[in-house]
Protein chains: 2
Amino acid sequence: MELDNRKFKILEAVIQDYLRTGEPVGSRTIAKISDLSLSSATIRNEMADLEEMGYIVQPHTSAGRVPTDKGYRLYVDSILAQKAHAESQRDAALKKREKELENIKKEYASRLDRMEDVMQAVARTLANDTNYATMISTSSGRNNKIKFVQLSRVEEKKLLVVIVMEGNVIRNKVFRVSETISEKNILRLNMMLNTTVTGLSVEQLEERLSAIEAENGNQPMLREVLNIIFETVRNADDVQIVTGGTTNIFKYPELSVSEIARDLITTLEDKQGLSGFLETVAPESEGIRFYIGEETPVKSMRDCSVVTASYELSDGTTGTIGIIGPKRMDYEMVVETLNNIRMRLDDLFSKN
Amino acid sequence: MELDNRKFKILEAVIQDYLRTGEPVGSRTIAKISDLSLSSATIRNEMADLEEMGYIVQPHTSAGRVPTDKGYRLYVDSILAQKAHAESQRDAALKKREKELENIKKEYASRLDRMEDVMQAVARTLANDTNYATMISTSSGRNNKIKFVQLSRVEEKKLLVVIVMEGNVIRNKVFRVSETISEKNILRLNMMLNTTVTGLSVEQLEERLSAIEAENGNQPMLREVLNIIFETVRNADDVQIVTGGTTNIFKYPELSVSEIARDLITTLEDKQGLSGFLETVAPESEGIRFYIGEETPVKSMRDCSVVTASYELSDGTTGTIGIIGPKRMDYEMVVETLNNIRMRLDDLFSKN
DNA sequence: ATTAGCACTCTTTTTGGTTGAGTGCTAACA
DNA sequence: TGTTAGCACTCAACCAAAAAGAGTGCTAAT
């Protein structure tokens, strides 16, 4: 059987109505709301076909129809195709978003040292905007370069190392050394470090670690310091994940079921579980991705749809933004919002 | 009417059974489980009295009795009085806790620069231990002293300031200055800063700010730098709040009601709302505090009990730990756990 | 090919009856 | 006088049957 234009129109109508109400939709409703001017009987026949093709199902005999994952998928794909042509209109909503980004920016400026906090703010705003739950992963990437290293003594046998990365991400650590070093030696170490280590990426540093040591005559103290630096920098490379608006899921009855909600919030709270998801996403598809129902790799989200967008900042930081909502989420709005955020995220950070 | 010993015993029995089951408890049950050897009829009379006195209520005529906030309060107070005498026995549970703290400690050692992360870990472990939701506030306090300051140039017109506080809390910030400063000048500034600023608390710094400027001949650059330092240090003073195990509330049917759970999780997620609570608690009562039902200052917790304990670390950091659970929480266990944590928290941090 | 009409199905809501837990009260008892 | 047995009463919880409502599939007419 073929999915002709009329069938598609009907499917679309079913989905759109279901997005709105969350209730199974019947043939009569479609007959009324669509502009096809067909009787409910005709629609019924078509719907039977659509069901046979697997795009919609009845929760039970004599109920209206509900879109299946396959149905959503078709719908989402069609939206995307459409979007590709007519680049979406810039409207009032955009103005609003612009303003919100302005707010985030302001907050950001005030505490530039805490990347995580900014992400947190972005996640929150995004959640507020969309009324869905959000998650954002950030990974500064293994080719983030070291820009500046500074060693200083804070106590007799305790040193402080501060490392500034490209993009002004700062890491530091206080550590204990086995023997006292003179101020003069620290000065020397600093000079040495800034000539050899600066400009290296985490990856390069790892490779060159022993070479550097050798070049500088295998001083035991140097080895110690270098290792600490490496450890510290590598930590900065950790994937961080923040979430926002988790309680938004209570806005959708189909997700408010105690068990579903609990599992969902648990996964969102313990960010660990998400990293797998967000990290596998990124590479190839540079655009926006959809995971509808069973398509999501996380079991607790099998009643949801997840839309993700990857981003890359000019300082090499990469990550993924995810929006989690009911399967009947407003896909068009979400796509638009994500595209927007993605475009502007780089501005946001690089301005500083 | 007077609350004689027998009445109290009955009240206690009612509460204990209710803690266990979560269901209203009737006179027959009490007759059976208590060792008073009274008939259910007598118990009934006594219970009627207890109800009149406001310690218990019936959810509806012909239902068993449920403790009121007042009833819980009496019970909790009595436990406390009892505890004061017989200092609780050290048992197997303690061993377990010891081990968990060991774990946290290990994690802590690995990233000493992120106090927040440790708190996070503590909150999580605590939540796991108790099966309730937890929250911890930390405030480094206004009399935390500056230990070390270091200024360095990372770009032509960008400086980095690193400040180490007593207790090795590190803060840093990259900022732009209006004119280029020579390396020599930076060196001079550094020496100056470390003689004048080191050893001052945030409060003292604020007071002495203009005095220091004056003493050093009102250089415009100095003013700029000092302000940045002050701002940065003051930020470190921010109250931070972490939460853990929020989804534990789903373990208690009476809190799993969609609306209650939503409100509760929302308050826990948006930490802001909690600070009022946790901060007002601290000062006078150095021990453990109970907020039963309506006694909690946060509306969304009116169906819960909250137990808080304040702590103070040797580096001046203070804060409050809170445990949020159903009114029928296991108060004894919670008190024990909190006391434990409180005792050990200082060890945990000061060891490093 | 479309549509009106009707019988049929299945959920949801309503109704009414039954059960069981638990109470309050009274009267008997020690 | 305090305790207890017994009984009438209340009310939530459960269940089954009935009614209502929404929607379908199919047939026959257009």
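Reading guide: rules and limits
- Residues numbered from 1 in each chain as written.
- Chains lettered and ligands numbered in written order.
- Predicted model: local features only at pLDDT ≥ 70, side-chain atom pairs only at ≥ 80, totals over all residues.
- Heavy atoms only, no water.
- Helix = DSSP H or I, 4+ residues; strand = E, 2+ residues; numbered from the N terminus.
- Buried < 20%, exposed > 50% of the residue type's maximum accessible area, 1.4 Å probe, protein only.
- Contact = heavy atoms within 4.5 Å.
- Areas by Shrake-Rupley, 256 points an atom, 1.4 Å probe, with all protein chains shown as cover.
- Pairing = 2+ DSSP bridges.
- Axes fitted to C-alpha atoms, helices over the stretch in contact; angles between N-to-C directions.
- Salt bridge = Lys/Arg side-chain N within 4 Å of Asp/Glu carboxyl O.
- Least-squares fit on C-alpha atoms with pLDDT ≥ 70 in both.
- Buried area = accessible area lost by both parts, 1.4 Å probe.
- Polar contact = N/O pair within 3.5 Å; in protein donor to acceptor, adjacent residues only side chain to side chain.
- Near = heavy atom within 4 Å.
- Nonpolar A, V, L, I, M, F, W, Y, C, P; charged D, E, K, R; others polar.

Draft legend 1. The overall build of chain A, seen in detail. Across its full length, chain A holds 13 helices and ten strands. Within chain A, the proportion of its 352 residues that are buried is 52%. Within chain A, contacts between residues at least 6 apart in sequence are counted, and of these 62% link residues at least 24 apart. When the accessible surface of chain A is summed, it comes to about 16,200 Å², and 48% of that surface belongs to carbon and sulfur atoms.

Draft legend 2. Expanded view of the sheet that holds strand β7 (residues 240-244) of chain B. Residues and elements named next belong to chain B. The strand order β7-β3-β10-β9-β8 describes an open sheet built from five strands, whose pairing is antiparallel. Of all strands in the sheet, those with a lone pairing partner are β7 and β8 (288-292), marking the two edges. In this sheet, adjacent strand axes meet at a mean angle of 15° when their direction is disregarded.

Draft legend 3. Layout of the pattern of salt bridges. With the rule as written, the count across this model stands at 28 salt bridges over all chains. Here Glu46 of chain A ties to Lys7 of chain A by a salt bridge, and the two come within 3.0 Å at their closest N and O atoms. Highlighted residues: Glu46 of chain A in helix α3 (residues 40-53) and Lys7 of chain A in helix α1 (residues 5-21), separated in sequence by 39 residues. Judged by its relative accessible area of 6%, Lys7 of chain A is buried. The residue Arg73 of chain B makes a salt bridge to Asp77 of chain B at a minimum N-O spacing of 3.2 Å. One end of the pair, Arg73 of chain B, and the other, Asp77 of chain B, are both in helix α4 (residues 69-85), four residues apart, so they sit about a helical turn from each other. The class for Arg73 of chain B is partly exposed, based on a relative accessible area of 24%. Each member of the salt-bridge network shares a partner with another, and the members are Arg6, Lys7, Glu46 and Asp49 of chain A.

Draft legend 4. Molecular detail of the relation of the copies chain B and chain A. Once chain B has been moved 0.0 Å along the axis and rotated by 179°, it coincides with chain A to within an RMSD of 0.2 Å. A rotation of that kind, with that shift, is consistent with a two-fold axis. Relative to the rotation axis, the closest C-alpha in chain B is found at Ser258 of chain B, a distance of 3.3 Å. A symmetric contact is evident, with 100% of the interface residues of chain B recurring at the interface of chain A.

Draft legend 5. Spotlight on the interface of chain B and chain A. The interface is formed by 42 residues belonging to chain B together with 42 residues belonging to chain A. For the pair chain B and chain A, the summed buried surface comes to about 3,300 Å²; carbon and sulfur atoms form 49% of the total. Looking at the side of chain B facing chain A, the largest losses of area belong to Asn172, Phe250 and Glu269 of chain B, adding up to 16% of the total buried there. Connecting chain B to chain A are two salt bridges. Notably, a salt bridge pairs Lys147 of chain A with Glu155 of chain B, separated by 2.6 Å at the nearest N-O pair. The interface formed by chain B and chain A contains eight residue pairs in polar contact (both at pLDDT 80 or more). Going through the elements one at a time, α5 (92-110), α6 (115-130), β4 (146-155), β5 (158-165), β6 (170-176), β7 and α11 (258-269) of chain B are the ones with two or more residues in the side of chain B that touches chain A.

Draft legend 6. Representation of the protein's contact with DNA strand D. Taken together, 19 residues form the shell around DNA strand D, and within it Ser27 of chain A together with Arg6, Thr42, Thr61 and Ser62 of chain B come nearest. Among the atoms of DNA strand D close to the protein, meaning within 4 Å, 75% are from sugar or phosphate groups. At 3.1 Å, a side-chain N or O of Arg44 of chain A approaches a base nitrogen of DNA strand D. One of the side-chain nitrogen or oxygen atoms of Thr61 of chain B is found 3.3 Å away from a phosphate oxygen of DNA strand D. If you list the elements that add at least two residues to the surface near DNA strand D, you get α3 of chain A together with α3 (40-53) of chain B. Sorting elements by how many residues they give to the surface near DNA strand D places α3 of chain B first, with four residues. In terms of residue class, the surface near DNA strand D is built from four nonpolar, eleven polar and four charged.

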